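Residues per chain, in single letters:
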Amino acid sequence: MDRGRSTSQESEEGIPLTYIEEVERLLGWRALRSRMAGMAVFAIAVMLAPLVWGDIYHLELLFLCHYYVMLACSWDLLTGFTGNVNFGHAFFIGGAGFAGALLNKHLGWGPMATLPAGALIAGVCGLLVGSFTLRLKGPYFAAVTFCFAALLYKWIMIRHELFGGEEGLAGIQSLTPDPLGNYYLSAILMLSTVIGLYLLSRSSFGLALRSIGQNETTSQASGVDTTRYKITAFVISASTAGLAGTMYGHAQMHVGPEMAHESLSSLVLMMAVVGGMGTIVGPVIGAYLLTLVNESLRFMGELRLLIYSAAVVIVILFAPRGILDLIIRGSSYLLPRKGKMAEEK
Amino acid sequence: MTTFLDILVLGTLWGSIYALISVGFTLIFGVAGVINLAHGAFYMLGAYLAYTFIGVLELPVILSAAMAIGGTAFVGMVVDRVCIKPMRQNHAYVLLITLALALLFQELMYVFFGPHGKAVQDFLKGEILLGNVRVTYQKVLTMLASWISVGALWAFIKKTKTGKSIDAVAQNVEAAVLMGIQPERVYLMTMGISAALAGTAGMLISPILEAVPGMWAFPLFKAFAVVIIGGLGSVEGAVLAAMLLGYSETAVSRLVSANYPDMVYLVAIILILVLRPRGLMGKRAQ
């Protein structure tokens, strides 16, 4: 029984519109062309950004945004669509980050080999973890994903001769020789992740995931192999996170245990939630927003994290469906005709 | 022999504290279906309030303890009304808002009290010798107070009319409403009790461990573990699992290595969820 999705408003005929239908109305196939145009504008903006912010500080800040966008979107594919809260995304991020670092340091693999290897390792871990935890529901799944990440963190700390303990592993080969190269490689990976996940979420696969999120039992009764869909989504989510983790390790030329820490998992989760879960586009907004807000509050010193966490609480409290939802509502106020047309379909 | 006694004494101490922390966590889940990730933050609040009243304002211990517990219960009820009530049925939302609140409380404590640990003096000075093991009165007091609190909760739920209304809502909300019980009032009261129990644990532990801004995570993880091992929503299961966890962690730390006790609860959660997902004493989920 799923009590997760509440009905939000009633359409004119009095039939309750669920949130997903509401988003569907604005992000559906019908609107896909304009969405793809939006994606293209976003992609061009990302590609041209170094012309305006070409200094190392801004390049690295934007790289960080790309990294978090990949994490938040990949988290969203499982949790946003099926409602199974993954509290241990750091398991895949840190795990793949360290795997990539070890492959690079001990076997001398370059970034072009470790990036796919990291994604593959994370995907296999996702398959193993998912195949025996995704039959658990709600809080149980959240707890077990959390445990895997916490166990990895402990293991990194205990086997410090292998993983470097608190210091982590330094001296990993750089992703590309210069920051501009890092920027463009991460931009390409990020854009292909976002577009790929977005298209996936619009496919029949995404539809099946949504039906699981709305009511798993009904969805199962309609012939959807829910476990298989959930595991597939988890594997895709994990391997994307692994790719991002390996990329981050190479770009920083360092991996540390904080990549497997629960605070990273909760940060990713906050980004997706603040942006708007279950939409792929929302987490992109959330990741950019929180990374940039966090950075721009740096002048506040000690108060920075207080303001930041208070802002997150306020957003969740007053816009529980995230910023994207606010934008959609705001634009349907500003553009009432467009909203009407979609309703009349 | 000393090792054995050590495990027995320290295991009982930690088991009692885990029990006190986790009964509140399991109670609010069992009654309102709320996974309260801010539970650890209430524990932290109890510790910091104890520090403020005892360490800074130098009030008498009994008064300070009562005010720390009352203050935490009040904050718990405010959190329930303001943050949880609007979306109580949505598990994912409750998980997220309470996690965000826990992080907010952590930053508040950081800004008010700074990053360094704040130690509170022992409520009772002195120690007793059990064989070769020294046990401070503070630890004895903590153990006793934990058991009294858990016992009082048990008696309240099973014996008083108000307490029975909590049990009724936990069993079946619709039936409880038909009996004239207002579920929202029960949820508010349960949250208050749950927060008060967490605050009691934090207050009692403040002389043993220091109060630091990151301290909310450890009790939360332990409560989560205990509740999953014991069965979500089962108070008896939580007490049993808390004692088992207390003994096994102390045993691992004494007999194997001080590195591994934190692995115990993680491995236990995974094993339980794979082998017996409803926990030791949990009801079968539908």
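Keep in mind that this is a model prediction, so the values were computed, not measured.

Draft legend 1. Seen up close, the overall build of chain B. The number of helices and strands found in chain B is eleven helices and two strands. Expressed as lengths along the three principal axes of its C-alpha atoms, the size of chain B is roughly 60 × 45 × 35 Å. The 286 residues of chain B split such that 52% are buried. In chain B, once contacts between residues fewer than 6 apart in sequence are set aside, the share between residues at least 24 apart is 76%.

Draft legend 2. Representation of helix α6 (residues 138-158) of chain A within the structure. The end-to-end C-alpha separation of α6(A) is 31 Å, in line with the 30 Å expected for 21 residues at 1.5 Å each. Summarising burial for α6(A): 16 of the 21 residues are buried, a large majority.

Draft legend 3. Quick look at the environment of L136(A). All names here are of chain A. For L136, the position within the fold is in the loop between α5 (111-133) and α6. By the C-beta count within 10 Å, which is 18 here, L136 ends up partly exposed. Note: C-alpha distance between L136 and V273 (137 residues apart in sequence) is 22 Å.

Draft legend 4. Looking closely at the packing of helix α2 (residues 39-56) of chain B against helix α3 (residues 61-84) of chain B. Residue and element names in this part refer to chain B. The contact between α2 and α3 brings their axes to 9 Å, and the two run at 145 degrees. Classified by chirality, the crossing of α3 by α2 is right-handed. Across the interface between the two elements, F42, L45, G46, L49, A50, F53 and I54 of α2 pack against V61, S64, A65, M67, A68, I69, G71, T72, V75 and G76 of α3. Split by residue class, the contact of α2 with α3 holds twelve nonpolar, five polar and no charged.

Draft legend 5. The pairing of strand β2 (residues 133-136) of chain B, seen in detail. Residue and element names in this part refer to chain B. Note that strand β1 (residues 127-130) and β2 share four bridges and pair antiparallel. From the neighbouring strand, L130 faces β2, where its bridge partner is V133. Hairpin connection, β1 to β2: the antiparallel pair is bridged by two residues, and G131 has positive phi, about 60 degrees.

Draft legend 6. Up close: the environment of A195(B). Residues and elements named next belong to chain B. Locating A195 in the fold gives a position in helix α8 (residues 183-205). On the basis of neighbour count, A195 is assigned to the buried category, with 31 C-beta atoms found within 10 Å. Put simply, A195 and L255 are 60 residues apart on the chain and 35 Å apart in space, counted from C-alpha to C-alpha. Each residue touching A195, except ones within four places of it in the same chain, is listed here: G24, F42, T72, A73, V75 and G76.

Draft legend 7. Spotlight on the confidence of the model for chain B. Confidence along chain B averages 87 in pLDDT terms, with 98% of residues attaining 70 or more. In the model output, the complex is listed with pTM 0.84 alongside ipTM 0.81.

Draft legend 8. Quick peek at the packing of helix α3 (residues 56-82) of chain A against helix α11 (residues 226-252) of chain A. Residues and elements named next belong to chain A. One can describe the packing of α3 onto α11 by two numbers: an axis separation of 9 Å at closest approach and a directional angle of 170 degrees. What the angle tells us is that α3 and α11 run roughly antiparallel. α11 is crossed by α3, and the crossing has left-handed handedness. Across the interface between the two elements, F63, Y67, M70, L71, S74, W75, L77, L78, F81 and T82 from α3 touch K230, A233, F234, I236, S237, T240, A241, A244, M247, Y248 and A251 from α11. In terms of residue class, the contact of α3 with α11 is made up of 16 nonpolar, four polar and one charged.

Draft legend 9. Geometry of the interface of chain B and chain A. In this complex, chain B contributes 31 residues to the contact, which on the side of chain A involves 34 residues. Those elements giving two or more residues to the side of chain B that touches chain A turn out to be α4 (91-113), α9 (217-230) and α11 (261-275) of chain B. When residues of the side of chain B that touches chain A are assigned to their parent elements, the largest contribution, 14 residues, is made by α4(B). Considering only residue class, the side of chain B that touches chain A consists of 25 nonpolar, four polar and two charged.

Draft legend 10. Region of the structure containing helix α12 (residues 262-275) of chain A. All names here are of chain A. The terminal C-alpha atoms of α12, which comprises 14 residues, lie 20 Å apart, in line with the 20 Å expected from a rise of 1.5 Å per residue. For α12, the tally of buried residues reaches twelve of 14 residues, placing the bulk of the element in the interior. With its phi angle positive at about 130 degrees, G276 sits one or two positions after the end of α12.

The rules we used
Residues numbered from 1 in each chain as written. Chains lettered and ligands numbered in written order. Predicted model: local features only at pLDDT ≥ 70, side-chain atom pairs only at ≥ 80, totals over all residues. Helix = DSSP H or I, 4+ residues; strand = E, 2+ residues; numbered from the N terminus. Buried ≥ 20, exposed ≤ 12 C-beta atoms within 10 Å, placed from the backbone. Contact = placed C-beta atoms within 7 Å. Expected span 1.5 Å × (residues − 1). Axes fitted to C-alpha atoms, helices over the stretch in contact; angles between N-to-C directions. Left-handed = near helix turned anticlockwise from the far one by under 90°. Nonpolar A, V, L, I, M, F, W, Y, C, P; charged D, E, K, R; others polar. Pairing = 2+ DSSP bridges. pLDDT = per-residue confidence, 0-100. Parallel < 35°, antiparallel > 145°, perpendicular 65-115°, else oblique.

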